[in-house]
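Letter by letter, the chains look like this.
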Amino acid sequence: MQETSTKPYLVRALHEWCTDNGYTPYLVVTVDANTVVPAAHVHDGQITLNISHLATNRLTLGNEYIEFESRFNGVVEHLFIPVAAVSAVYARETGAGMGFEVAASQPYPGGDDTPPEKPRAAPAPAADVPKPSHLKVIK
């Protein structure tokens, strides 16, 4: 049996740490064909997302996938993110967090190899929050 990755456990732990300390947890995702996010908010193949309880609805931080609903310019979007595509989790206020190696993600397990919903175009955001450069990458 293959050993389970530590990545989803560390993502959940950092999310909890941020929340417990009053910080806003941000998730940096490398977007690929198996990632469902608003396409207009993707810059240089990445998207940075606020995954706080106030910014998300039905947040599920699973071992293989992260799913939630969030509003982008007033429109509710369903997001589907393979954990393999996560490149960092950090606190917006302090930049403290952790970087991860990005691996090829697996297709959506819905049977037809397509994510639950194709990304919809939305107006571009005013500004993106960059990933702090001091994060250590975990392999």
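Presented here is an overview of the structure given in this document. What you see is a predicted model; the values in this text were computed from it and never measured.

## What to know about the sheet that holds strand β3 (residues 57-61)
The strand order β3-β4-β5 describes an open sheet built from three strands, whose pairing is antiparallel. In this open sheet, the two edge strands, each paired with only one partner strand, are β3 and β5 (75-82). This sheet shows a mean twist of 25 degrees between the axes of neighbouring strands, independent of strand direction. By the bridge criterion, eight bridges tie strand β4 (residues 65-72) to β5 in an arrangement that is antiparallel. By the bridge assignment, Glu69 is partnered in β5 with His78.

## Topic: the packing of aromatic side chains
The relative placement of two aromatic rings is captured by the distance of their centres and the angle of their planes. Per the counting criterion, the structure on display carries three aromatic pairs. Seen in terms of ring centroids, Tyr26 and Tyr90 are 5.8 Å apart; in terms of plane orientation they differ by 45 degrees. Their pairing is tilted. Remark: Tyr90 occurs in strand β6 (residues 86-91) and Tyr26 occurs in strand β1 (residues 25-30); sequence separation between them is 64 residues.

Conventions adopted
Residues numbered from 1 in each chain as written. Predicted model: local features only at pLDDT ≥ 70, side-chain atom pairs only at ≥ 80, totals over all residues. Heavy atoms only, no water. Pairing = 2+ DSSP bridges. Helix = DSSP H or I, 4+ residues; strand = E, 2+ residues; numbered from the N terminus. Axes fitted to C-alpha atoms, helices over the stretch in contact; angles between N-to-C directions. Phe/Tyr/Trp six-rings, centres within 6.5 Å; stacked < 30°, edge-to-face > 60°.

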